[in-house]
Structures are given as C-alpha cells and as structure tokens.
Amino acid sequence: KIICTLRPSRKILNTRNVIMKKIITIFLSLLCGIFAFAQQVVTTIPAYIPQNYGGQIEVIFNASAGNAGMAGATTCYAHTGVILTSGTTWQHAPTWLDNSAKYKLDSIGVNLWKLVIPNITDYYGLTEGEVVSQLAFVFRDATGAKQGKTAAGGDIFIDLYDPPVLSMSVTNPSTDAVINKDST
C-alpha cells in the first residue's frame, strides 16, 4: 500500500499569506475612509467654495456627527454668520433663536439636514468690499435646547478658498488626462 500526501510548498503558503494580508489591509483602509467621511459634521455642494462665489451653496448637516447634540431632533435651524478676511469673529449673524424661514433646514434623511444658501452676499447681507473666509454655524432646534457642534463642542466652520491660491481640485483621476499650464 502506497500513501501519497501532497503538501503545498512553503513558498506558495507564504505568497497566499502576503496576498491575504494585502487584501485585509486594503479593505480596512477603505472601511476607515468611508467611516471618516460618513462622520463629517457638514459637507457642501459645491465641495470647494471660492471666496468670490456668487452661486447657490447647499450645506448638509449630519446631526449624528460632531457632538451629536441634534441627533433625533425633529426641527433644525442654523445660527449662521461669516468670518471675514479682515477679522476673526462672527459677522452678519442673526440674533440667537431667530427662527426665520431662511435659517430652517430641510430634513433629507435620518439625522441629515440641508440648508440652501442662494447667494452668500444676499443671504448674509454683505457690503461692498467684504470678503468671506469662512461660513460659521451652530445648528439648533427651535428652542436652542439641542445644539449641533463639533465633537469638541465648538462652532462649525466651512473654509472658503482664495481663487488664485486654489488652482485645481482633482475629483476623478484619469491616466489619460493632460492638463496644460494656465488652462481652465
């Protein structure tokens, strides 16, 4: 009676282990990236807003992120203002608990809210020569009892970019793309 046993070589086993480790590492990296993106307190459309932007801005607030102070709220208002390039404090903000329609956010899902700013200049009442460097927010319910802030309990800021400094944003890399200097 002859018994034959086949065992994979150590080289094959080591190669399989290396491949499996790479797959697990890639999977965990993607998972962490998705989790980090999902936990952003605010996102905007457009994603990059220049300081001289005259179009509509959508601010999406994730009430379950940051300090999660607005998680489960049934209404959401923005206490919002701007930080000008000439200063460091909030400007053009309404009084606290101003429940005007323009500050009310629309529910777009569980703990997701959307504020539409038709135009920065008109929405905030900017005057000639004022340049905005940041939009500032505290999200709240109608009474101010619940507040949505950063994880550390601070105000939420959205940076606006100086167009000459921000020259390009790559959102979909392509190996076929050619970008010439000074092209738009």
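For the structure, check the block above.
The rules behind the values
- Residues numbered from 1 in each chain as written.
- Predicted model: local features only at pLDDT ≥ 70, side-chain atom pairs only at ≥ 80, totals over all residues.
- Heavy atoms only, no water.
- Phe/Tyr/Trp six-rings, centres within 6.5 Å; stacked < 30°, edge-to-face > 60°.
- Buried < 20%, exposed > 50% of the residue type's maximum accessible area, 1.4 Å probe, protein only.
- Lys NZ or Arg CZ within 6 Å of the ring centre and 35° of its normal.
- Pairing = 2+ DSSP bridges.
- Helix = DSSP H or I, 4+ residues; strand = E, 2+ residues; numbered from the N terminus.
- Axes fitted to C-alpha atoms, helices over the stretch in contact; angles between N-to-C directions.
- Lys, Arg positive; Asp, Glu negative; His and termini not counted.
- Salt bridge = Lys/Arg side-chain N within 4 Å of Asp/Glu carboxyl O.
- Polar contact = N/O pair within 3.5 Å; in protein donor to acceptor, adjacent residues only side chain to side chain.

(A) Just the packing of aromatic side chains, in detail. Summed over the entire model, instances satisfying the criterion amount to 5 aromatic pairs. When the ring of Tyr-123 is compared with that of Tyr-124, the centres are 5.0 Å apart and the planes differ by 75°; the resulting orientation is edge-to-face. For Tyr-124, a relative accessible area of 5% translates into the label buried. Here the guanidinium or amino end of Arg-140 rests over the ring plane of Trp-96, the centre of that ring lying 5.6 Å away.

(B) Inspection of the sheet that holds strand E2 (residues 57-62) at higher detail. Strand order in this open sheet of 4 strands is E1-E2-E6-E5, and the pairing throughout is antiparallel. Either end of the sheet is taken by a strand with one partner, and the two such strands are strand E1 (42-45) and strand E5 (106-109). Between one strand axis and the next, the sheet turns by 30° as a mean value, whatever way the strands run. In terms of strand pairing, E2 meets strand E6 (residues 112-117) through 6 bridges, oriented antiparallel. Within E6, the residue paired with Phe-61 across the bridge is Trp-113.

(C) Structural view of the side chain of Arg-140. Tracing the chain through its elements places Arg-140 in strand E7 (residues 132-140). Summary of buried charges: Arg-140 has no salt-bridge partner, and the nearest side chain of opposite charge, Asp-141, is 5.8 Å away. Looking at Arg-140, its side chain comes within polar contact range of the main-chain oxygen of Asp-98, at 2.7 Å.

(D) Quick peek at the pairing of E2. Where burial is concerned, most of E2 is hidden: 6 out of the 6 residues are buried. The side-chain alternation of E2 yields two buried faces, one formed by Ile-57, Val-59 and Phe-61 and the other by Glu-58, Ile-60 and Asn-62. Examined bridge by bridge, E1 and E2 share 4 bridges and lie antiparallel to one another. Opposite Thr-44, over in E2, you have Val-59 as the bridge partner.

(E) Focus on the pairing of E5. Pairing analysis gives 3 bridges linking E5 to E6, with the strands arranged antiparallel. Bridge assignment links Ser-107 to a residue of E6, and that residue is Trp-113. Counting the residues between successive antiparallel strands, the hairpin from E5 to E6 contains 2 residues, one of them, Asn-111, with a positive phi of roughly 60°.

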